[in-house]
Structures are given as structure tokens and as C-alpha cells.
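# Observations on chain architecture
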Amino acid sequence: MSHTADAHHDHHAAPSGFKRWLFATNHKDIGTMYLVFALVMFFVGGTMAMIIRAELFQPGLQFVDPGFFNQMTTMHALMMIFGGVMPAFVGLANWMVPLMVGAPDMALPRMNNWSFWLLPVAFSLLLSTLFFAGGAPAGGWTMYPPLVLQTGNAFPFLIFSVHLMGMSSIMGAINIVVTIMNMRAPGMGLLKMPLFVWTWLITAYLLILAMPVLAGAVTMLLTDEYFGTSFFNAGGGGDPLMFQHVFWFFGHPEVYIMILPAFGIVSQIIPTFARKPLFGYESMVYATASIAFLSFIVWAHHMFTVGMPLSGQLFFMFSTMLIAVPTGVKVFNWMATMWRGSMTFETPMLFAVAFVFLFSIGGFSGLMLGITPADFQYHDTYFVVAHFHYVLVPGAIFGIMGGVYFWMPKWTGHMYNEKLAKIHFWLSAIFVNVTFFPQHFVGLAGMPRRIPDYATQFADFNMVSSIGAFVFGVSQLLFVYIIWSCVRGGEKATTAVWEGSHGLEWTVPSPAPHHTFEVAPEVP
Amino acid sequence: MPELSPYRLQVVPNCALSWHGALIFYAWMCTASLGIAFFFVIQGYWPILPFAGLELLALGAALWVSMRRGDYREVISIYPDRVEVEKGRPDERHSAVFPLHWVHVNLRPARIASYPSRLIISSHGHHCEVGRCLTESERRGLSRRLREVIEHVHKTPAQRLDVEGSPGNPHR
């Protein structure tokens, strides 16, 4: 006689206590940790931005000495890029990619845990340099030699923390690639994947191809400083300008690493609130892939002024111009999706529409910078600062905020406070322009970037910019409150959450259970 | 006399990528990444190459682990007198045979709640774990299904059994 002795135990409850987070292998837990970490880093980096803007509120030196100012500009960039934007996107990918492709979890959950926990270590190391004699790195996030080699005791910590951030990014990217390639539910063909999954797949490719270049570049800085090599040391036969080539070979794909997932988020939000399928799905995929390819052949547009042959200038100028074509395809498709749609303007849609409009401004100023003779005038001015902040703040960060509002009901099971969220949107959208638009003018008028003091002719626009930055910064506290109150309670979210929602992620209950898609879903 | 057709339960993990597809993907990644690395080696910046190599090793290992999981099969055949379990990958298959009348199907909970349970088929001091590639609910489903089938075969030994069964969904 056969016997059975099933002793049921509820494994579906999430483990509790700190072990749930320390030993987390669940993609939702790890996604949450990434997002919380990114939010903390936004505020750390944002505080540094406030110090920068306070110092620039009026000409002269008011609050900090020039050395500390340089530390703030360097650390602000490192915090925001590697600690804020990238982990936020990885967090969103951790949460949403398995849900969107119908996988029960990421392909390699333990590696997922490790790739997250490297980040707090890396940033603790980096932030600890603020308390060193000589202070934190101050040579700019681009770490150009020979300036960066004067950093002092913080230098090896900078290199080590960049290595750790790179390891984390690579492991995250490998996990995402393997998950998307191998764990899609039956029927989920590549050209059935949601655009957010596609953009993350291509972003992960970029990370895998670009990160070894950064790792090699910073290692060569380290060996130049401590092991007597001369890769970038002119005194030993090296070439410091070549660091710029190597760095930007990584750096330009990095720019797209920070924007492609935002393209994906916007491509999810707009069809939902326009209540229409995305216009030109396949062209969106090909445009994303084209942008990714082009990102590897345009690096020298960051350094036209260092001197290069005319043929090089022409090649990099025209290849840069070429990026406008697939980007234009994307903007056209978003607008065509909205055209004659039954649009409503909930907060995620507001952020998405603002993204399309304001990112386009950043794109156009990028085109201006891509024209070699014009770049000779604009290079290293505040025009460049305005350009990349338009790409990264109303671009990447608005994409992240839109994504958070879009998916938060699915994560928490509660609707957020729409009224407060709209106030948050309008404060952010208005004051991001108040902050960064005047920087175009001071830049065109010749104000250099990375300076703590400036000529009085730039005073008015700088004051406006600082006021904008303070209000933008404070308004982000509202974002934290909205998230906090949504986690704590609120109107119950339905399974579909939004009227026009479409995709596997909207078929699981809200909040998404600790384990989802234990039985592979049917993909229509 | 021909043997009665068994109930056969096959447990297969879900795998969206074929080995061939994985190889093409990996070859493409190697070509692109090593191409970039060698471009810099030619310029004299060789330290990029070991990082690219390490990363490709990590990617290859991750792909290999993920693909190997997809090769795994468990075939549980239930005959009127015995339960046969054949499991493993094509290159390392293990099999075990248990007398039907003495077989135990035991779903053991893990000591730590977040760890997976274990579905054990055993008799006479021998045991065999099945359903490791399944999720909790699928494993419970398989456990239930096994009990039902064994019970059914036990009660109707002489009846010809030609229905092929499977757990709720063999795919993970």
C-alpha cells in the first residue's frame, strides 16, 4: 500500500526580519532594495547638488572652499549616475522584467543578491572619503589624468568603489540578459516582449560591452599611480588624452544605459493612458538597437576640443547627427500613439508626456553640441551642464518617477494619492526648467562649468537656477511622502490597476504576491 | 505478455532558449566584447582584455548554468507493480525503482520557510527526490497527482492503464 505524508507548509509567505533582505533571492525583494537604495542615493547626491547651487547662488565664495566645491561636483555625479539612476533602473528591471516575461524569478537569484549588496559597500567606501584628510575625489566623475592622480588618499578608494559598482552592474546585466533570453514564458517570443523588456535587454548588452573598458581604464590609472606604468603618463611615454578616448568609449554607451530603460518605461505608460497599442512596435525595437550600436561610434564628440584630425571630427560629428534618426523615430511613435487616443492624464502619463517634451529639448541641445565648430564654443560651459541635465533629470529621472507611479499600485496593492502626485509632478516639471533652462543662457554667454565663483554678468540666471534647484529638491520630499503613504495604505488597487493596462504584469493580483507565475502563463 | 502501459509523469523546466540559440548569442557577445578589447590592446591598453575575458567567463557560466537547468528531465513511470524514476540530464541519468505496494510519497517542508520543500519517493530505506525544478505550488500538485495515480493503480492492478498523466503544468 502506498503511503503519503504530505506536510503542508506555507512557503508562499515572505520571510520576515532582516534576513529577508540580507539573504534575499526573491526578485521583488531585491528590486525593492535597489529602489530604496537609489532613492537614498538621490537624496545624498541631491544634497550635494544643493551645496553646489547654494554656493552658486551669487558670485563670490560664500559657503564652501573651491576644493570642497570640486569634491561636491565629482561626488554628486558619481552618486547620481552609479548610485541613483542605474540602481533605480536595475530595481525596476528586477521588479518588472520577470513579471513581464512570465518568469517566476530572475535566472540567477543568488547572484542577484550579491550584485545588490555590492552597492552599499561601494558607496560606503566612496562616501567615507569625504572624511579623509584631503577629502573626497575632486577631479570630476570622468577621472581625467593627470588631475585625478592628485586626489590623495581617496584615489584608491575611488578606483576600488568604481570597480565594485562595475561588478554590480555587470552581474545585474548578466542576470537580466539570461532571464530575458532563457526564462520567457512559452509563447513569449522576442517580438512579443514589452518595450521595457526590450530596452533593458539592449541596455544589458551595452553594460556587458562597455563595463570592461571602464574597469580597464581605472585599473590603468591605478597602475600608473602605484605600479610605475605609463599608460597615461606623458613623462613615461604615455598619453593622457588617450584616457579620454578610453573613458568616453565607455562613457557614451553609459549615457544610453541611463536613458534606454526610460524609453522603455515611457513606451509602456503612453499606450496605457492613450488606450491605444504602441505605434510602430517593431520600429521602436529597431530604433533602440540602432541607438545602442551608434552609441559605440560617437564617443569622441565629448572631446572635439582636445585635437583630432579633420576626418575624425567629421566622422564623429556625422555619426552623432545620425543618432537623431532613431531617436526621432521613437519620439514620432510616442506622439503617433497619443494621436487620437482616449488620453487621460494620471501622474504616470504626465511624467511620460513631460519626458517626451523635455527629453527632446535635451536631444536638440545635444545636436548643437554634436556640431564640431559649435562645440568648440560650447565645450566645458554651462550649456553642456544644461544639456546633460535635461537628458538625465526630465529624461532618466522623470522616466523613473513615471515608472514608480505607474507600477507602485502593483507593488503595494494601494493607489497612491493622485492629488499629491500631480502636485509633485507640476512642482518637478516647472522647477526642473527653472533650474536648468537658464543654464543654457549662461553657458552660451561663456560661463565655464565646475567653478565655484563666476563673473557678475552671470549672477541673475544663476540665482534663478539656484532657486529652481532648491524648490525642485524640496518637492522631492513630497515624492517620498507619497511613496511612504502608498506603502502604508490607501485605496485598494485592482489587478489591472489602469483601465488601459495590457500585459502579463497586470494579470497578477495587486500587490503582486511574493511568488508569481509559478505556473507558466499563457501568452496570447 | 507485453507490459501494461504505465502512467508517465514528465517534469521539465521551462527554457525559452535552445542550446544552439545560446551558443549563437554567446558567440556574438564574445565577438563584440573581445573585438572591443583587442581594439584597445592594439592601441596598447591591454588591461581591458582581462576584464572583458572575466566578464565573458561570467556570462558564459551564467548561461551554462541556466541552460543546464533546461536539459534536466524527470520521468516518473507507474506500473502495476513498481514506480520507476528516471531523472537527470542526457549525460548523467539516474534511475530508481520502487515496489508500488511499499512506495511512500512524502512532501517534506524545509526547515527555513523561504527554502523550497522536497518531494521524496521512497521505500525500503531507498529514496529519490523529484520535482526540484518545480515551484512550490507545482511541487504540491505533483505530489497530489502521484498519490492519486499510485492509489488508483494499486486499486486496479489488472486494469490496462494507458492514460498518460502529467502534473498540472510540466513547465516551470
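Note that this is a predicted model, so its numbers are computed, not measured.

Now for the overall build of chain B. On a plain count of helices and strands, chain B comes out with three helices and seven strands. Starting at the N terminus and walking to the C terminus, you meet the elements of chain B as β-α-α-β-β-β-β-β-β-α. When the 172 residues of chain B are sorted by exposure, 48% land in the buried category. Counting only contacts in chain B whose residues sit at least 6 apart along the sequence, the fraction spanning at least 24 positions is 56%. If you sum the accessible surface of chain B, you get close to 9,000 Å²; carbon and sulfur atoms cover 58% of it.

For chain A, the helix and strand inventory stands at 16 helices and one strand. Its C-alpha atoms give chain A a radius of gyration of 23 Å, within 12% of the compact-globule value 24 Å for 524 residues. For chain A, the spread of C-alpha atoms along the three principal axes comes to 85 × 55 × 45 Å. A fraction of 82% describes how many contacts in chain A between residues 6 or more apart in sequence connect residues 24 or more apart. Accessible surface, chain A as shown: approximately 18,900 Å² in total, 71% of it carbon and sulfur. If you average the places of the 18 positive and of the 22 negative side-chain charges in chain A, the two averages end up 10 Å apart.

Further remarks concern the nonpolar core. Among the nonpolar cores identified, the biggest contains 201 residues, and Phe82(A), Met143(A), Trp334(A) and Trp407(A) are the most heavily contacted of them. Examining the composition of this core, we find that 22 residues originate from one element, helix α3 (residues 66–101) of chain A, more than from any other. Look past the residues within four positions of Phe82(A) in its chain and what remains in contact with it is Ala77(A), Pro87(A), Leu119(A), Phe123(A), Trp141(A), Met165(A), Met211(A), Leu214(A), Phe250(A) and Glu254(A). Residues Val11(B), Val85(B), Ile121(B) and Cys128(B) belong to the second largest nonpolar core, which totals 25 residues.

What follows concerns a nonpolar patch on the surface. Among the surface-exposed residues, Phe18(A), Leu22(A) and Phe23(A) lie close enough to one another that they form a single nonpolar patch of about 340 Å² accessible area. By the secondary structure assignment, Phe18(A) is in helix α1 (residues 18–22).

Another aspect to go through is empty space enclosed by the protein. All names here are of chain A. Counted according to the given criterion, the structure contains three cavities of 30 Å³ or more. Estimated volume of the largest cavity: approximately 60 Å³. Lining the largest cavity, in full, are Tyr34, Phe82, Met86, Pro87, Val90, Leu119, Met165, Ser168 and Ser169. Listing elements by their share of the lining of the largest cavity, those giving two or more residues are α3 and α5 (154–182). If one sorts the elements of the lining of the largest cavity by residue count, α3 sits on top with four residues.

Before going further, it helps to spend a moment on the pairing of strand β3 (residues 82–89) of chain B. Residue and element names in this part refer to chain B. Where strand β2 (residues 73–78) meets β3, six bridges bridge the pair, whose relative direction is antiparallel. By the bridge assignment, Ile76 is partnered in β3 with Val85. Joining the antiparallel neighbours β2 and β3 is a turn of three residues. Pairing between β3 and strand β4 (residues 92–99): eight bridges, direction antiparallel. Bridge pairing in β4 places Glu84 opposite Val97. Between the end of β3 and the start of β4, which pair antiparallel, lie two residues.

Within a pair of aromatic rings, the relevant descriptors are the distance that separates the centres and the angle that separates the planes. As enumerated under the stated definition, the model contains 51 aromatic pairs over all chains in all. Their ring planes at 45° and their centres at 5.1 Å tell us that Phe441(A) and Phe461(A) sit as a pair that is tilted. Of the two residues, Phe441(A) is situated in helix α15 (residues 418–444) and Phe461(A) in helix α16 (residues 459–488); the sequence distance between them amounts to 20 residues. Overall, Phe441(A) belongs to the partly exposed group, its relative accessible area being 38%. Between Arg82(B) and the ring centre of Tyr79(B), over which it is positioned, the NZ or CZ distance is 3.9 Å.

With that settled, consider the pattern of salt bridges. All names here are of chain B. All told, the structure shown has eleven salt bridges over all chains when counted by the stated rule. Among the ionic pairs, Asp91 bridges to Arg68, the shortest N-O distance being 3.5 Å. You can see Asp91 sitting in the loop between β3 and β4 and its partner Arg68 sitting in helix α2 (residues 48–71), a full 23 residues away along the chain. Owing to a relative accessible area of 58%, Asp91 belongs among the exposed residues under this scheme. Residue Arg68 is classed as buried on the basis of its relative accessible area, which comes to 16%. Glu129 is paired through a salt bridge with Arg118; the nearest N and O atoms lie 2.7 Å apart. Residue Glu129 is located in strand β7 (residues 126–130), and its partner Arg118 is located in strand β6 (residues 118–123); the two are separated by eleven residues in the primary sequence. The class of Arg118 is partly exposed, set by a relative accessible area of 43%.

Residues and elements named next belong to chain A. The linkage connecting Pro145 with the following residue, Pro146, adopts the cis geometry, with an omega of 5°. Note on placement: Pro146 falls in the loop between α4 (109–128) and α5. With an omega dihedral of -5°, the bond running from Ser510 to Pro511 counts as a cis peptide bond. In this structure, Pro511 sits in the segment after α16. Positive phi, normally seen in glycine, also occurs at Arg275, with a value near 55°. Topologically, Arg275 is positioned in the loop between α8 (260–274) and α9 (281–294).

For chain A, mean pLDDT is 93; residues scoring 70 or higher make up 95% of the total. By mean pLDDT, the top-scoring element of chain A is α15(A) (98), and the lowest-scoring one is strand β1 (residues 3–4) of chain A (39).

What counts as what
- Residues numbered from 1 in each chain as written.
- Chains lettered and ligands numbered in written order.
- Predicted model: local features only at pLDDT ≥ 70, side-chain atom pairs only at ≥ 80, totals over all residues.
- Heavy atoms only, no water.
- Helix = DSSP H or I, 4+ residues; strand = E, 2+ residues; numbered from the N terminus.
- Buried < 20%, exposed > 50% of the residue type's maximum accessible area, 1.4 Å probe, protein only.
- Contact = heavy atoms within 4.5 Å.
- Areas by Shrake-Rupley, 256 points an atom, 1.4 Å probe, with all protein chains shown as cover.
- Rg over C-alpha atoms; globule rule 2.2 N^0.38 Å.
- Lys, Arg positive; Asp, Glu negative; His and termini not counted.
- Charge placed at Lys NZ, Arg CZ, Asp CG, Glu CD.
- Core = buried A, V, L, I, M, F, W, Y, C linked by side-chain atoms within 4.5 Å.
- Patch = residues over 30% accessible without salt bridge, like charges linked within 9 Å, V, L, I, M, F, W, Y side chains within 5 Å.
- Salt bridge = Lys/Arg side-chain N within 4 Å of Asp/Glu carboxyl O.
- 1 Å grid on protein atoms, 1.4 Å probe; cavity = no way out; pocket = protein on both sides within 12 Å on 5 of 7 lines; lining within 4 Å.
- Points joined across faces, edges and corners; volume = space filled by probe spheres on them.
- Pairing = 2+ DSSP bridges.
- Phe/Tyr/Trp six-rings, centres within 6.5 Å; stacked < 30°, edge-to-face > 60°.
- Lys NZ or Arg CZ within 6 Å of the ring centre and 35° of its normal.
- pLDDT = per-residue confidence, 0-100.

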